[in-house]
Amino acid sequence: MIFANELSKAYTGERGSVRVLNAVSFEAAPGSVFTLLGPSGCGKTTTLRCIAGLEQPDAGEIRLGDRKVFSSREGIQLGAERRGLGMVFQSYAIWPHMTVGENVSYPLDGLKLGRAERDSRVRRALDLVGLAALVDRPAPNLSGGQQQRVALARALVAEPQILLLDEPLSNLDAKLRDQMRREIKRLQRRLGVTALFVTHDQEEALALSDTIALMNNGEVVEVGPPRQLYDAPIHRFTAGFLGLANFVPGTVVGEAGDGVMVETAFGRFAGKRRSGTTPAADLFFRPHKASLAADDRAGSLDVGTGTVAETIFLGETNDVLVERDGQRVRLRLPGRLPREGERLSFAVDPEFSLVFERSSAPPAA
Amino acid sequence: MLAFAATVLVLAYLTLVPLALLVYGSFMDEPGRLPIEASALSLQNYVQVVTDPATYRLLANTAVFTIGATALGIGLAVAFAWLVERTDIWGRNLLLIGIVIPMAIPNMIYSSAWILLLNPQNGWINDLLRQAGLGWLTFNIYSLAGMILVQGLSLASHAYLLVAAPFKMLDPTWEEQSAIAGKGVAATLWRVTLPSLKPALLAAIIFFTVVNMETFDVPGTIGIPAQVNVFSTMIYAATQPEYSGLPDYGLASTLSIVLLLAAACLIWVYQRQTRHAKQFVTVTGKGFRPRRISLGRYRLPLTAIAFAVVAAISLLPVLMLIWRSLMPFYMAPSPKALGLVSLKAYVDLFTGYDLGQVLRNTALMSITAGIATTLLAALVAWLVLRAPVPAGWRSMLNRLAFLPMAIPSIVIGLSFIFVYLTLPIPIYGTIWIIAIAMVTKYIAFSSGMMMAAQMQISPELEEASRLAGAGWGRTYRRITFPLLTAALVNCFLWVVIHVVRELAVAVMLYSSRSEVLSTKVWSLWLGGWVAQASALGVLTILALVLLLGLPPTVIRLRRKLRNLREAAAVPAEA
């Protein structure tokens, strides 16, 4: 288990101090993959480095399992080498002056193991990542994917309870990344370690995580399972950051079931209210939650109508921009490619429609 | 952190303590006494320095010598860098080897060789000129002009290494663009090439101005007998009873402080210059293909001139030195004199002059200084770049390590006399005082070198080790240190080469028990044992050539070893 409570940190530079972490709290369940996701500069890497012990927060508390490794109040600060963690670095950090075997056996140095036990542990770790044959290979002669595997074996060889992964896939090409993603997930399940994973790639986060903590500006915005964050975000930032999103300006005109009804340029839609109390609000729905509607349904609830402004053929689906009164929405409509200038009606699944407080930012289209 | 505090203390001990005693000594006005023995302090030395007309002569000499030698040295270096790196001149590799040979010749020995060639009585070149009826062309080396000539020629080789790199990396399309705009070779050189290299050249000029201002070897060997003094020789003379009766440490300190301040100002300008130099990047990296300028009909004459100059810079002095070492007494090189050739001077060195002791001293002193400087520099580099302490502390450490850059060698020697005659550490008169002074002398350069190497090691490599359960100490030992091996070896050899060459520091601190190669050549030469001095000079040059050849050899060996290891690892793949 990883437990972070109210972590705060500021860097003092030449131009005053910059707050990089602001009361960051979360709890990663044992044996799960917990992901810190967010745009660059949001504080996710700093958080990970604080957990690792490579940086020291100004305030807060960190517990790993039942061990308290950092507490500003009690003056506890355990060095990185005494936290018993495994970590895969973004650059892999494979030591170039050692062989694969020497790299992997390094974390066993402090454990006072017999030679046979040591060799068998190294072999097992390399077997896990499928590199047992390369044990004597000098580290500089490895491909990117092999380095990644060696880094993983090295992180796991001492059988840590917790594995930290700092953007481990960002230096791989797309095909290899897909493969390694599956492999990491499989390994994590098999060994039952708790994995703390840092990434800026939302697709990676959605694919790998049991729980995602979305971060922005040094704060945790929202925590939840990938599906929940994607389909039913609480915060507008979450809705906008994960996947494609439409925010359509409108006015709340009444109740509809357990939600509200919003009048927009395209029509009336029902949705659950997430934030704000004023009539002025933004309707949120994802482009692929819309479908073509028959013309005779125009004007009914959850159906919008407009003119096709732009279309792009994407293979599996079509990207369609529909315009009305200067507003635009983006739809993902499979099947027939609509003509530009055509009048089009679309239905939105009210199950996935949300209503947020009006933002000053221009609506996404 | 303990290591941080300890390093600051060691650096302070190596630089601030000697400087403090130097300042203290400058307020002392009793000749023959040390700072610690001073009964009263006064401004007497400063008054004397300011009011004595000799000071202004000293200033003028130093200025003319410094500017003249810098102009000659940098001028030659730039000319050769352009010819070798940018044009289609013939025999570029030979020219390159020729121009860097003086790197292996200590300046005191280089000066002696030129004295043999150009002294007014029987200098070989002067003799030849007189025989050819060109007596009016003879040149007296015992003059300010002679000092400038020798220092300038020796400097050309050092400066070449500094200015050749920017010439090599200059984007050739700039020159091509100028050619397309209808400018000839000369106009392109003058209007495009040199101006775009201005920041690099300016940095080199300032740097070598400091070197010339503080150098002792050439002024000591040529200037003292010629009675042309500069600051460094005047400081030396003030401490030597044979020149001034009683050693006047107070006056020497005051002169040192004047020289130190001048050097510090220039070093400050140099640092500013090199910091801003990054803004004028001349290297593009993209679309880079070295293209050489065709010299056309000047190709042959320029090649001839270049080879003649290189022969004068490198070949002539070395050959003269070898010739003189083989002659029992001076004979101009001729077929007739060949019959007199003997190895007697070399035999003498081992039988009559206790060369074994000198070699042991030199080896022990230079290896100790080399190891100590390299390790301290590596520690400073790591602490400045990686230590988990506030950034302000780290930049303070950086500045402390860079400080000795501004301290002239002769001043280091003088202040170390004070330190070890004051503190109850009984190493005065041993090789250890010289070794410690050498650490002070070379710690700034070495720290810079090791910082460049440490920067090449990604912090994640060290962090990965900490995550793997290793503390700072084991991480440094197992990861950082092995990755620095090549840089450590290079730094060590660099220090050893310079320590063996260095005369000014050693000449202030040696005693009959602690003679090293540089001081032995110096004392043999002063004692009139010219053949023996020449022989020892030849041996020194040989040793330095071997040391200079080592780093490339080490790199080649390492590469070969790695290839072997890779070859052995290949079957594992199958």
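So, here is what we can say about the structure in this document. (Residues numbered from 1 in each chain as written. Chains lettered and ligands numbered in written order. Predicted model: local features only at pLDDT ≥ 70, side-chain atom pairs only at ≥ 80, totals over all residues. Heavy atoms only, no water.)

### Digging into the overall build of chain A
Helix and strand counts for chain A come out as eight helices and 21 strands. Seen through its principal axes, chain A has C-alpha atoms that stretch 80 × 50 × 40 Å. Counting over 365 residues, chain A shows a buried share of 51%. Nonlocal contacts in chain A, meaning residues at least 24 apart in sequence, comprise 65% of its contacts between residues at least 6 apart. Of the roughly 16100 Å² of accessible surface on chain A, 48% is carried by carbon and sulfur atoms. Side chains of chain A give 45 positive and 45 negative charges; the mean places of these two sets differ by 3 Å. (Helix = DSSP H or I, 4+ residues; strand = E, 2+ residues; numbered from the N terminus. Buried < 20%, exposed > 50% of the residue type's maximum accessible area, 1.4 Å probe, protein only. Contact = heavy atoms within 4.5 Å. Areas by Shrake-Rupley, 256 points an atom, 1.4 Å probe, with all protein chains shown as cover. Lys, Arg positive; Asp, Glu negative; His and termini not counted. Charge placed at Lys NZ, Arg CZ, Asp CG, Glu CD.)

### As for the overall build of chain B
Summing up its helical and strand segments, chain B has 26 helices and zero strands in all. Radius of gyration (C-alpha) of chain B: 25 Å, near the 25 Å computed for a compact globule of 574 residues. A total of 574 residues make up chain B; the buried ones form 52% of that total. Here the contacts in chain B between residues at least 6 apart in sequence split such that 75% fall between residues at least 24 apart. (Rg over C-alpha atoms; globule rule 2.2 N^0.38 Å.)

### Observations concerning the interface of chain A and chain B
With 30 residues of chain A at the contact, the number on the chain B side is 23 residues. Taking both sides of the interface into account, the surface hidden between chain A and chain B amounts to around 2300 Å²; carbon and sulfur atoms contribute 57%. Ranking the residues of chain A by area buried against chain B places A:E81, A:H97 and A:Y106 at the top, with a combined share of 27%. If you look at where chain A meets chain B, you find four salt bridges. Taken together, the elements giving at least two residues each to the side of chain A that touches chain B come down to α1 (44–52) and β7 (85–88) of chain A. Of the residues in the side of chain A that touches chain B, the class split is 17 nonpolar, six polar and seven charged. (Buried area = accessible area lost by both parts, 1.4 Å probe. Salt bridge = Lys/Arg side-chain N within 4 Å of Asp/Glu carboxyl O. Nonpolar A, V, L, I, M, F, W, Y, C, P; charged D, E, K, R; others polar.)

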